[in-house]
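Examining the three-dimensional arrangement
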Amino acid sequence: FAQGQMQRARALNESLLEAFQDYHLPSVVLSSQLPYMRSQLAAGYKVDVSEELRAYPGLAAHSLDALLASAEAGKPAVTPQMIFETVKDTKDPYASYVKALVAFRRGQLPRAQTLLSHTKDLHDPFVLWYRGSIFLRSGQITQATADFEKLLDRVKSTAPLYPWAVFAHIGLARCLAKEGEASEARAEYEKAFAVWKDADPDTPLLLEARAEYARLQ
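Counting of residues starts from 1 at the beginning of each chain's written sequence and follows it residue by residue. Totals for whole chains, interfaces and linings use every residue, but because this is a predicted model, local features are given only for residues with pLDDT of at least 70 and side-chain atom pairs only at 80 or more, for both listing and counting. The side-chain figures draw on all heavy atoms in the structure; neither hydrogens nor water molecules are used.

Glancing now at the packing of helix α6 (residues 93–105) against helix α8 (residues 125–137). To get an axis, fit a line to the C-alpha atoms, keeping to the stretch in contact for a helix; angles then go from 0 to 180 degrees between the N-to-C directions. Runs of E in the DSSP output that reach at least two residues are strands. Runs of H or I that reach at least four are helices, and both are numbered from the N terminus. Put simply, α6 and α8 touch, their axes get as near as 11 Å, and they point 40 degrees apart. When the axis of α6 is compared with that of α8, the two are oblique. Seen from above, α6 lies across α8 with left-handed handedness. In contact with Tyr 94, Tyr 97, Leu 101 and Phe 104 of α6, α8 contributes Phe 126, Val 127, Tyr 130, Ile 134 and Arg 137. Each residue is assigned to one class: nonpolar for Ala, Val, Leu, Ile, Met, Phe, Trp, Tyr, Cys and Pro, charged for Asp, Glu, Lys and Arg, and polar for all the others, Gly among them. Looking at side-chain class alone, the contact of α6 with α8 contains 8 nonpolar, no polar and 1 charged residues. Roughly parallel means an angle under 35 degrees; roughly antiparallel means over 145; roughly perpendicular covers 65 to 115; every other angle is labelled oblique. Handedness of a helix crossing follows the sense of rotation of the near helix relative to the far helix, less than a right angle counterclockwise being left-handed and clockwise being right-handed. Whether two residues touch is decided by their heavy atoms; if any such pair falls within 4.5 Å, the residues are in contact.

To pair, rings of Phe, Tyr and Trp, with the six-membered ring standing in for Trp, must have centres within 6.5 Å; the planes then decide the type, stacked if under 30 degrees apart, edge-to-face if over 60, and tilted in the middle. Across all of its chains, the model carries 8 aromatic pairs by this definition. With centroids separated by 5.7 Å and ring planes inclined at 50 degrees, the aromatic side chains of Trp 129 and Phe 148 adopt a geometry described as tilted. Within this pair, whereas Trp 129 is found in helix α8, its partner Phe 148 is found in helix α9 (residues 141–153), the two being separated by 19 residues in sequence. Exposure is judged per residue with a 1.4 Å probe applied to protein chains only, and the accessible area is read against the type maximum: over 50% gives exposed, under 20% gives buried, and values in between give partly exposed. The exposure class assigned to Trp 129 is buried, which follows from its relative accessible area of 5%. In textbook terms, an aromatic cluster arises when at least three aromatic residues are bridged by ring pairs, as seen for Phe 126, Trp 129, Phe 148, Trp 164, Phe 167 and Trp 196.

What follows covers α6. In this scheme, a helix's expected span is set at 1.5 Å multiplied by one less than its residue total. Taking 1.5 Å as the rise per residue, α6 with 13 residues should run 18 Å; its terminal C-alpha atoms sit 19 Å apart, in good agreement. Taken residue by residue, α6 has Tyr 94, Ala 95, Ser 96, Tyr 97, Val 98, Ala 100, Leu 101, Val 102 and Ala 103 as its buried positions. Buried residues along α6 sit against α4 (63–73), α5 (80–87), α7 (109–116) and α8. Pairs of N or O atoms within 3.5 Å make up the polar contacts considered here, provided that, within protein, one atom can donate a hydrogen while the other can accept it, and that residues adjacent in sequence are counted only when both atoms are side-chain atoms. Of the residues that open α6, the one with a side-chain oxygen 2.7 Å from the backbone nitrogen of Tyr 94 is Asp 92. Downstream of α6 by a residue or two, Gly 107 has a phi angle that is positive, lying close to 80 degrees.

We define a salt bridge as a side-chain nitrogen of Lys or Arg found within 4 Å of a carboxyl oxygen belonging to Asp or Glu. Taken as a whole, this structure holds 7 salt bridges when the rule is applied. With a closest N to O distance of 3.7 Å, Asp 124 and Arg 38 form a salt bridge. Taken together, the residues span a long stretch of sequence, with Asp 124 in the loop between α7 and α8 and Arg 38 in helix α2 (residues 27–42) at a distance of 86 residues. With respect to burial, Asp 124 and Arg 38 carry one shared label: buried. Among the salt bridges present, the one from Arg 131 reaches Asp 147, with a minimum N-O distance of 2.8 Å. On the criterion of sequence distance, the pair formed by Arg 131 in helix α8 and Asp 147 in helix α9 is long-range, its members being 16 residues apart. Comparing Arg 131 with Asp 147, the two get one shared label, buried.

Geometric descriptors of this kind do not, in isolation, establish any biological role.
Here it is in structure tokens:
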């Protein structure tokens, strides 16, 4: 997955799940499924989180990750009750993050920005990607750039397991493009393309990035 080979990653994951179809999934296998789903969502793929949660009831034990996956997917719809039952403390930064995603999907940018101001202590790479993307969409380029740079810093500890370098370079490229720095933006896109040189060409995030890069020529 880190190399952008989504089809191969999906086939390997299905083989893994099939191998345990007659048994209770080991906790190590279960614990890998939600981050895997969240990674697919971040790369632009459609994932039916509701179906996955129904298919593998044991995922409910990872309730926070399940809530985050649902919020990042946009469905199942996240309700205030779901947030309270999972996070308990309404002042928890993860509660603010989930509420910000809900507000953003509803087109409530000012509310999303306010809620994100309560998530400064979160350095979860998924949070950095989505928070940076929301800041970028709302024109807060400085804040977006800071989050994408933090995401790039995470590469040292998480690669080769996750494609954070690609995400970070694309995020930084988008920030530079917004500021009119076309040459620097192209350089960041090219770094992303170099990392994903063997990636599936139809990966949604990669398709978006290539189209954006072409417009800078």
